[in-house]
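# Coordinate analysis (summary)
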Amino acid sequence: MGPDRYRVHVQFAIGNDIQWLRWIPLGRLLPGSPKDEPGSDAGEQLRHEATVEDGFLLFATPATQVLYEAAPDESPSRFEVQKKMVQQISWRAA
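My aim in this report is to walk through the structure given alongside it, one point at a time. The residue numbers shown here count from 1 along each chain, following its written sequence. Note on the predicted model: pLDDT of at least 70 is required for a residue's local features to be given, and 80 or more for side-chain atom pairs to be given and counted; whole-chain, interface and lining totals, by contrast, use all residues. The basis for the side-chain values is all heavy atoms of the structure; hydrogens and waters are excluded.

A few words on the overall build of the protein. The number of helices and strands found in the protein is one helix and six strands. Only DSSP runs of H or I covering at least 4 residues are called helices, and only runs of E covering at least 2 are called strands; the numbering of each starts at the N terminus. Counting from the amino terminus, the protein carries its helices and strands in the arrangement β-β-β-β-β-β-α. In the protein, which comprises 94 residues, the share counted as buried stands at 20%. Contacts were defined at the residue level, with two residues in contact if any of their heavy atoms lie within 4.5 Å. Sequence separation of 24 or more characterises 33% of the internal contacts of the protein that already satisfy a separation of 6 or more. Type-normalised accessible area, obtained with a 1.4 Å probe on protein chains alone, sets the label of each residue: buried when under 20%, exposed when over 50%, and partly exposed for intermediate values.

Here it is, written out as structure tokens:
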């Protein structure tokens, strides 16, 4: 755990799989993309002010199969490759 050029982060490993979490501090932010941002689409350009009332940790790395299997659930993935992302799960489950 410690700061880097972006903000405070937590890093941990399960076997050789390294995971990162970023600290999202409380405050106000403007989510979404500017209309002139290359690669963004209309659905991402609905900018509005949002308030984060409590800070939280957010995974900055994908939910890999090895991470998912470290939890008490079985992996629903069709292809069993530990470093690959878990397939066939909801955003909330990830």
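It is worth spelling out the packing of aromatic side chains at this point. Put simply, two rings from Phe, Tyr or Trp (the six-membered ring, in Trp's case) pair if the centres are within 6.5 Å, and we call them stacked under 30 degrees between planes, edge-to-face over 60, tilted for the rest. Enumeration according to the criterion identifies one aromatic pair in this entry. Taking 6.3 Å as the distance between ring centres and 75° as the angle between the ring planes, the aromatic pair formed by F12 and F59 counts as edge-to-face. You can see F12 sitting in strand 2 (residues 8-14) and its partner F59 sitting in strand 6 (residues 56-59), a full 47 residues away along the chain. Note on F12: relative accessible area 27%, which makes it partly exposed.

A separate point is the pattern of salt bridges. Any Lys or Arg side-chain nitrogen located within 4 Å of an Asp or Glu carboxyl oxygen qualifies as a salt bridge. Scanning the entire structure with this criterion turns up one salt bridge. The salt bridge involving R28 is made with E49; its shortest N-O contact spans 3.3 Å. With R28 in strand 4 (residues 27-29) and E49 in the loop between strand 4 and strand 5 (50-52), this residue pair connects regions lying 21 residues apart in the sequence. We classify R28 as exposed; its relative accessible area is 65%.

Put simply, F12 and M1 are 11 residues apart on the chain and 8.6 Å apart in space, counted from C-alpha to C-alpha. Once residues within four sequence positions are removed from consideration, F12 is found in contact with D17, I18, Q19, L21, F59 and L67.

Time to look at the sheet that holds strand 2. Here a strand pair is declared whenever DSSP counts at least two bridges between the two strands. If you trace the four strands from one edge of the open sheet to the other, you get 1-2-3-6, paired in antiparallel fashion. At either margin of the open sheet sits one strand with a lone partner, and together these are strand 1 (2-3) and strand 6. Here two bridges tie strand 1 to strand 2, and the two strands are oriented antiparallel to one another. Each bridged residue has a counterpart across the sheet, and for G2 the counterpart in strand 2 is H9.

So, on to the side chain of H9. Here H9 lies in strand 2. H9 has contacts with M1, G2, P3, D4, W20, L21 and R22, leaving out every residue within four places of it along the chain.

The grouping of D36, E37, D41 and E44 at the surface amounts to a negative patch. Along the chain, E37 falls in the loop between strand 4 and strand 5. Residues form patches when they are more than 30% accessible in relative terms and have no salt bridge. Like charges link within 9 Å. Nonpolar side chains (Val, Leu, Ile, Met, Phe, Trp, Tyr) link within 5 Å. Method for areas: the Shrake-Rupley scheme with a 1.4 Å probe, in which residue coverage is limited to the protein chains shown. Positive charges come from Lys and Arg alone, negative charges from Asp and Glu alone, with His and the N- and C-terminal ends not counted. By convention, the charge on Lys lies at NZ, on Arg at CZ, on Asp at CG and on Glu at CD.

Fair warning: the whole summary comes from geometry, so function is off the table for now.
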